[in-house]
Amino acid sequence: RTPGGGGAGGSLHDVGEAKNTMLSVKLDKLMDSVSGQTVMDPKGYLTDLTSMQLASDADLQDIKKARTLLKSAISTNRSYAPAWIAAVRVEEKAGKLNDARDLLAEACVACPDSEDIWLEAARLSPPDKAKSILANAVRRLPHSVRLWMDAASRELEVDTKKKVFKKALEFIPASVQLWKELINLEEENAARILLTRAVECCPQSVEMWIALARMSPYKEAQKVLNSARKKVPTSPLIWIAAAKLEEQNGTEKGLERILTLSLDSLASHGVTLERDEWIKMAEEAEKSGHVKTCKAIIKVTIRIGVEDHNMKRIWKADADGCLARGSVETARALYTSAISLLKTKKSLWMALAELEHKHGTPESLDNILAKAVTFCPKAEVLWLMAAKHKWNSNDLDGARRVLAEASQKAGTTEGIVLAAGKLEVQTGEFVRARLILQEARRTCDTPQVWMKSVQLERDVAVSDLETAHSLCEEATKKHSQLAKLWMIKGQLFLEQQEKSFEKAAKAFEEGLQPTNCPKSVPLWLCLADVWVQQGNFERARAVLERARIRVPGNEDLWLASVKAEETAVGLKDWMGRWLEDGQSALAQQLSMQSQGLKTAQHRVAKALQECPGSGRIWAEAIFLEPSAAQSAKATAALEKCDNDPHVTLAVACLWWRKENKEKARKWFNSARQLAPSLGDTYVAWLAFEMQHGTEEQQRGVVAKCVREDPHRGDRWNRITKQPECWRMPIAEKLRRCVETLFPSILAKSGPIPMPIEAPHNHASAVKDQTATSEKHNGPPQLQNGQKM
């Protein structure tokens, strides 16, 4: 009976009318038009009941209709177990447990051969009565594994569980599940005896055979696996277990023979596995500690399903997939086996060398590179990698020998010569470097060789640049289309004891001639900067206007135009502008009202129209706004340039100015993650930590900078590209940048703490063929309504 079906139900009728109508329509669709029959799906109805909650009398009305439907279903076919279970679930949801149990008692009589009914009756019964119900159930259905499993699970004592499982196995000796549960309850010796009986009763269970072999001595295990192969000749797992067994007992020589026989045996029984399946089994062998078995699997099966024309691509893809899953040994085996078939493919050697660099030892990497240059003597990149490895290992003589041998076997190529020259420069052997580059100019005669030769003279003879001038003059005649040579030629005039701006400008103008480098943006910027340094802003504007016509839509040229206007009105770089003591709030306000600054703001607005996605221009635009408007400008910048490191750095500086230390530190770190090679981030971050952080935090920033070895950034490059900074360690370059951009902070906070052991990676002289990048999730996001 349904309680509350009187006046209370009628009073809620209007409220639940729509819901009841919808439910009636759904239920009517389930009713068959033939009298006395139903097409309702009781199994589906059981699923709906699990999410049913009684919240109102309207729900009770639904229960009433469900009872009516299920009663009809049961009366139509009393032996249909799902209908009984659905009716029981309805009563359970309605809170009528006694009625549900009464229904189950009827169901057990009406459907005595349904294990679902017995299991449902046990579930809704008290523990003691449930055991009695299950005892009757297994007497009626002694071959039901589910009933025996449920009966055993209700026992608390281990010995009683064992008795239940043993009794069950008397009726169902071929049940693998029952054997597993019983074996798991036994000690090792008893488990082995049970496994011996289990494989007799379940000869097709590969898992049982392998478990028995693992628990047996070596000789017995061999016999077990031989018997297993006869009983289950289509399983590769038995062959792999045999290989693992041999590896455990130190007889690795037979691994390949065992796995080769496995392929023949499986093929004879019509079993052919895909290469991916073998790779998966090799990875599992690696995870279980059987590395030699893993390698043997790969070596024997590597040619399966691979055609000659695409084998290298497929094997590299397989190895990359293994590395992504953390299976280093499998990937190493793939590369090693691939190289044994394709010894002259340098990309395979490079990939294996990269793997050894990340996951191997210095000795293994040295061996791989030595073999690589033997089989690919003309591959310049492999020689450079070998020299770099020697250099990283502080074996400078070894690096020289490698590069000398490379010159003999691979020829005097540009990369090898430049690496040899820079090696001597970094170690202070300038005479040897001159000789190497002099010979290179004769044999190679490439633009890069000439440029490095000029740079060497520029670096060594800072006070006497005549040699550098003459070399540069000759270089520009030979290679007039290399913009860097013209840039160096002009910069040499600016590095003399008596600067010659006119000669520098003339050199830059000559480089921009139509026959030379008319579209070189750095060269245009050098020419404009000459006039900015002299204070001739009219000529600087004219140069930049010409450059924008020649190279339209370039953010560097627009940014230079904005900075020229800032310099014209006396504004410093925005990164340190608002931190200097000499610029008070009143002075800044007056400056913001100046006509010159309005010109700069107009220029930056036009720049953003031309380059709306430039984070560098947006960062400049933020700090050209009055203080009150900078937060709004930063929000607009983040919308236009999400995940841009320059905008993120500018926002970090805004939080710094507001002295919100935690947010500033978070945004500085996000800027670093977005662009680890951006040196400007480390400069500002270190200055922030010098003002607000601890010594440990300051050392952490320096250590991150040293590790990432930054090489980008307008401010970073402007300072570190000076000749006196060329051979400075990264930590010293960072110190020089902070001293230049934030002198007032250093005056108050004291010296910059350096890392305890600041590593200096000399190997940058040799081309680095491995590129790594730090993953990141982007900068922190401003919440709705949050202001800076």
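Bear in mind the structure is a predicted one, so any value in this text is a computation, not a measurement.

### Section: the overall build of the chain
When its secondary structure is counted, the chain shows 45 helices and 0 strands. Burial statistics for the chain: of 788 residues in total, 48% are counted as buried.

### Considering the pattern of salt bridges
The full count for this structure, using the stated rule, is 45 salt bridges. Between E424 and R432 there is a salt bridge, with its nearest N and O atoms 3.9 Å apart. Judged by its relative accessible area of 39%, R432 is partly exposed. E495 is paired through a salt bridge with R458; the nearest N and O atoms lie 2.3 Å apart. Of this pair, E495 sits in the loop between α29 (483–494) and α30 (501–511) while R458 sits in helix α27 (residues 447–460), placing them 37 residues apart in sequence. Using a relative accessible area of 24% as the deciding quantity, one classes E495 as partly exposed. With a relative accessible area of 4%, R458 lands in the buried category. One salt-bridge network, held together by shared partners, links E555, D556, K563, R616 and D714.

### Focus: a positive patch on the surface
A cluster of basic side chains, namely K422, K452, K484 and K721, defines a positive patch on the protein surface. Structurally, K721 can be placed in the loop between α43 (714–720) and α44 (730–741).

### Description of the packing of aromatic side chains
For the coordinates displayed, the defined rule picks out 7 aromatic pairs. Relative to W685, the ring of F668 lies with its centre 6.3 Å away and its plane at 10°, an arrangement referred to as stacked. You can see F668 sitting in helix α40 (residues 661–674) and its partner W685 sitting in helix α41 (residues 679–692), a full 17 residues away along the chain. Judged on exposure class, the residue F668 and its partner W685 are both buried. Residues F668 and F688 carry aromatic rings whose centres are separated by 5.5 Å and whose planes lie at 40° to one another, so their mutual orientation is tilted.

### Focus: the packing of α27 against α29
Helix-helix packing is described using two parameters, namely the angle between the two axes and the distance between the axes. Viewed as axis vectors pointing N to C, α27 and α29 meet at an angle of 20°, and their least axial separation amounts to 10 Å. By the angle class used here, α27 and α29 are roughly parallel. Handedness of the α27/α29 crossing: left-handed. The segment α27 lies against α29, with W450, M451, V454, Q455 and R458 engaging K484, L485, I488, Q491 and L492. Among the residues making up the contact of α27 with α29, the classes are represented as 6 nonpolar, 2 polar and 2 charged.

### A short note on the environment of P377
Here P377 is to be found in the loop between α22 (362–375) and α23 (380–392). The contact partners of P377, leaving out residues within four places of it in the chain, are W383, K409 and A410.

### Considering the environment of C322
Relative to the elements of secondary structure, C322 occurs in helix α19 (residues 311–324). A sequence separation of 42 residues divides C322 from K280, and the C-alpha atoms of the two residues are 9.0 Å apart. C322 has contacts with I279, E283, S327, T330, A331 and L334, leaving out every residue within four places of it along the chain.

### As for the nonpolar core
Among the nonpolar cores identified, the biggest contains 69 residues, and I117, L147, L178, W179 and I183 are the most heavily contacted of them. The element that contributes the greatest number of residues to this core is helix α5 (residues 81–93), accounting for 8 residues. With residues near it in sequence (within four places) discarded, I183 still touches A191, L194, L195, A198 and M208. Counting residues in each nonpolar core, the second largest holds 61 residues, with I279, M281, A387 and A419 among its members.

### What about helix α26 (residues 430–443)?
Given a rise of 1.5 Å per residue, 14 residues ought to cover 20 Å, and the 20 Å separating the end C-alpha atoms of α26 matches this to within 8%. The set of residues buried in α26 consists of A433, L437, A440 and R441. Burial along α26 is one-sided: seen end-on, the buried residues are contained in an arc of 100°. Along α26, exposed side chains directed more than 90 degrees from the buried face belong to V431, L435 and R442.

### A word on helix α15 (residues 236–248)
Compared with the 18 Å implied by 1.5 Å per residue over 13 residues, the 19 Å span of α15 between its first and last C-alpha is a close match. The buried fraction of α15 is high, at 11 of 13 residues. With a side-chain oxygen positioned 3.3 Å from the backbone nitrogen of L237, the residue opening α15 is S235. Just downstream of α15, G250 is the residue with a positive phi angle, here 75°.

### Some details on the packing of helix α32 (residues 537–550) against helix α33 (residues 555–568)
At a minimum axis distance of 10 Å, the contact between α32 and α33 shows a crossing angle of 170°. Classed by the angle they form, the pair α32 and α33 counts as roughly antiparallel. Here α32 and α33 pass one another in a crossing that is left-handed. Residue-level inspection shows F537, R541, L544, A547 and R548 of α32 in contact with α33, the latter providing L557, W558, A560, S561, A564, E565, T567 and A568. For the contact of α32 with α33, a count of residues per class yields 8 nonpolar, 2 polar and 3 charged.

### A short note on the confidence of the model for the chain
Do not read the fine detail of predicted coordinates wherever pLDDT is low. Chain-level statistics for the chain give a pLDDT mean of 83 and a share of 84% at 70 or above. Note that residues 580–587 has pLDDT below 50 and, in this model, 10 contacts with residues that lie over four places away or in other chains. Low pLDDT (under 50) marks residues 781–787, which in the prediction has 9 contacts with non-local residues, meaning those over four places away or in another chain.

### A few points about the side chain of H389
Residue position: H389 is located in helix α23. Its relative accessible area of 11% is what places H389 among the buried residues. Among the polar contacts made by the side chain of H389, one reaches the main-chain carbonyl oxygen of P362 at a distance of 3.1 Å. Every residue in contact with H389, bar those within four places of it in the chain, is listed here: P362, L365, D366 and L369.

### Focus: the side chain of S144
Among the secondary structure elements, S144 is positioned in the loop between α8 (127–140) and α9 (145–153). Of the residues examined, S144 reaches a relative accessible area of 7% and is grouped as buried. When residues no more than four places from it in sequence are discounted, the contact partners of S144 are E115 and I172.

### So, the environment of A483
Structurally, the position occupied by A483 is in helix α29. For the pair A483 and C517, spaced 34 residues apart in sequence, the C-alpha separation works out to 5.9 Å. Beyond its immediate stretch of four places on either side in the chain, A483 contacts C517, S520 and L523.

So, how was this worked out
Residues numbered from 1 in each chain as written. Predicted model: local features only at pLDDT ≥ 70, side-chain atom pairs only at ≥ 80, totals over all residues. Heavy atoms only, no water. Helix = DSSP H or I, 4+ residues; strand = E, 2+ residues; numbered from the N terminus. Buried < 20%, exposed > 50% of the residue type's maximum accessible area, 1.4 Å probe, protein only. Salt bridge = Lys/Arg side-chain N within 4 Å of Asp/Glu carboxyl O. Patch = residues over 30% accessible without salt bridge, like charges linked within 9 Å, V, L, I, M, F, W, Y side chains within 5 Å. Areas by Shrake-Rupley, 256 points an atom, 1.4 Å probe, with all protein chains shown as cover. Lys, Arg positive; Asp, Glu negative; His and termini not counted. Charge placed at Lys NZ, Arg CZ, Asp CG, Glu CD. Phe/Tyr/Trp six-rings, centres within 6.5 Å; stacked < 30°, edge-to-face > 60°. Axes fitted to C-alpha atoms, helices over the stretch in contact; angles between N-to-C directions. Parallel < 35°, antiparallel > 145°, perpendicular 65-115°, else oblique. Left-handed = near helix turned anticlockwise from the far one by under 90°. Contact = heavy atoms within 4.5 Å. Nonpolar A, V, L, I, M, F, W, Y, C, P; charged D, E, K, R; others polar. Core = buried A, V, L, I, M, F, W, Y, C linked by side-chain atoms within 4.5 Å. Expected span 1.5 Å × (residues − 1). Arc of directions from axis to C-beta. Polar contact = N/O pair within 3.5 Å; in protein donor to acceptor, adjacent residues only side chain to side chain. pLDDT = per-residue confidence, 0-100.

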